[in-house]
Amino acid sequence: MLAYTMVGTQDLERALQFYTPLFNAMGLDICWQDDSCVSFGDPDDVEVPQFFVGLPLMVILPR
């Protein structure tokens, strides 16, 4: 059983522009979002796996 899949991006806004219409076409919505990550899935069904897109840790916590 898969709970989620996650991919990284250097540009979260651009990733949102790409993934939002793609997942909306499949009937999925944004389940959660903050400044560094967003997840897509079915907010009403926790059994549906989620797809996360997030910034790399080095962008969130620079050295």
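Since the model is a prediction, treat every value here as computed from it, not as a measurement.

J.: Help me understand the overall build of the chain in this model?
T.: Looking only at helices and strands, one finds 2 helices and 4 strands in the chain. Pairs at least 24 apart in sequence give 41% of the contacts found in the chain among residues at least 6 apart. Put simply, the chain shows about 4700 Å² of open surface, and 58% of that area lies on carbon and sulfur atoms.

J.: Help me out: how do you make sense of the sheet that holds strand 4 (residues 50-54) in this one?
T.: Within a sheet, adjacent strands bond to each other through the backbone by hydrogen bonds, running parallel or antiparallel. On the basis of which strands lie adjacent, the open sheet formed by 4 strands has the order 1-4-3-2 and mixed pairing. Among the strands making up the open sheet, the edge pair consists of strand 1 (4-8) and strand 2 (29-33). The mean angle between the axes of side-by-side strands here comes to 25°, regardless of whether they run parallel or antiparallel. For strand 1 and strand 4, the ladder comprises 5 bridges, and the chain directions are parallel. By the bridge assignment, Y4 is partnered in strand 4 with Q50.

Here is what the cut-offs are and how they apply
Residues numbered from 1 in each chain as written. Predicted model: local features only at pLDDT ≥ 70, side-chain atom pairs only at ≥ 80, totals over all residues. Heavy atoms only, no water. Helix = DSSP H or I, 4+ residues; strand = E, 2+ residues; numbered from the N terminus. Contact = heavy atoms within 4.5 Å. Areas by Shrake-Rupley, 256 points an atom, 1.4 Å probe, with all protein chains shown as cover. Pairing = 2+ DSSP bridges. Axes fitted to C-alpha atoms, helices over the stretch in contact; angles between N-to-C directions.

So, to be careful, I would describe these as geometric facts and stop short of saying anything about function.
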